[in-house]
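Chain residues, written in single-letter form:
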Amino acid sequence: MLSPQVSKALNKQIEVEGYSSQYYLAMASWAETQGLNGVCAFLYNHADEERMHMLKLIKFVNERGGHGLVPNLKQPPVTFKSVKTVFEEILKHEIKVTSEINSLVDATLKEKDYTTHNFLQWYVSEQIEEEALARQIVDKLKLIGDDKSGIYFFDRDLEALAKAGAASGEEEKKPKK
Ligand code: OFO
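A quick note: this is a predicted structure, and the numbers were derived from the prediction, not measured.

Visitor: Looking at this model, I keep getting lost on the nonpolar core. Mind explaining?
Guide: In this structure, Met 27, Val 39, Leu 43, Val 86, Phe 87, Ile 90 and Phe 154 are the most contacted members of the largest nonpolar core, which totals 27 residues. Of all the elements in the fold, those that place two or more residues in this core are helix 1 (4-33), helix 2 (37-63), helix 3 (83-110), helix 4 (114-144) and helix 5 (148-173). If one sorts the elements of this core by residue count, helix 1 sits on top with 7 residues. Ignoring sequence-local partners within four residues, the contact set of Phe 154 consists of Val 39, Val 83, Phe 87, Ile 137, Lys 140, Leu 141 and Ile 144. Leu 2, Ile 14, Leu 104 and Val 105 belong to the second-largest nonpolar core, a separate cluster that totals 17 residues.

Visitor: Just checking my understanding: could you explain the side chain of Asp 155 for this structure?
Guide: Take Asp 155: it is sitting in helix 5. Here Asp 155 sits buried without a salt bridge, and the closest side chain of opposite charge, Arg 156, lies 8.2 Å off (N-O distance). A distance of 2.8 Å separates a polar side-chain atom of Asp 155 from the backbone nitrogen of Val 39. Not counting chain neighbours up to four residues away, the residues in contact with Asp 155 comprise Gly 35, Leu 36, Asn 37, Gly 38 and Val 39.

Visitor: Any chance you could explain the environment of Leu 133 here in plain terms?
Guide: Mapped onto the elements, Leu 133 comes out in helix 4. Look at Leu 133 and you get partly exposed, because its relative accessible area is 31%. C-alpha of Leu 133 to C-alpha of Lys 74: the two residues are 59 residues apart in sequence and 26 Å apart in space. Once residues lying within four places of it in the same chain are set aside, the contact partners of Leu 133 are Phe 42 and Leu 161.

Visitor: Quick question: what am I supposed to make of empty space enclosed by the protein here?
Guide: Empty pockets left among the atoms are what a rolling probe the size of a water molecule brings to light. By the definition in use, this model includes 1 cavity of 30 Å³ or more. Computed from the structure, the largest cavity encloses a volume of approximately 30 Å³. For the lining of the largest cavity, the elements supplying multiple residues, two or more each, are helix 2, helix 3 and helix 4.

What counts and what doesn't
- Residues numbered from 1 in each chain as written.
- Predicted model: local features only at pLDDT ≥ 70, side-chain atom pairs only at ≥ 80, totals over all residues.
- Heavy atoms only, no water.
- Core = buried A, V, L, I, M, F, W, Y, C linked by side-chain atoms within 4.5 Å.
- Buried < 20%, exposed > 50% of the residue type's maximum accessible area, 1.4 Å probe, protein only.
- Helix = DSSP H or I, 4+ residues; strand = E, 2+ residues; numbered from the N terminus.
- Contact = heavy atoms within 4.5 Å.
- Lys, Arg positive; Asp, Glu negative; His and termini not counted.
- Salt bridge = Lys/Arg side-chain N within 4 Å of Asp/Glu carboxyl O.
- Polar contact = N/O pair within 3.5 Å; in protein donor to acceptor, adjacent residues only side chain to side chain.
- 1 Å grid on protein atoms, 1.4 Å probe; cavity = no way out; pocket = protein on both sides within 12 Å on 5 of 7 lines; lining within 4 Å.
- Points joined across faces, edges and corners; volume = space filled by probe spheres on them.

In structure tokens, the structure reads:
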């Protein structure tokens, strides 16, 4: 059974993950209007992943006797200055999400809720991966600068990354033998 404090903190995280999904969806839609097919495919996938993070939390809260609340989300920005800005914002956002996850982990320890603490380890690892990937992409974009052909190849690389991500996602959904 979840304590009211942990339940409240988990519901706050549901909102954070839901907003992350909306935020990346807005970025994907903007990238699509700029003809950046690879960037938008990558970001649409990322938005789906964040929605999955939100659902995983909702289901966990409900399984533990709480109530996962579907949040009212604020409107994300609709336009972005450049592809570099998009990924810098993603990195900044993921760093903030990591600190939210850390506070949540902290709340479970205060409440001696080791089941939720254990469940949250998945999010701790996920944040390490997401921050590292965003950092790598920002570094790549710094090297490219304003070079248009560089952006063209970058977009192709992200398309390949999005396809590989989608393929491994399909693999994960297959029943284990
Ligand atoms: Fe949910 O991992 Fe990013 O925000």
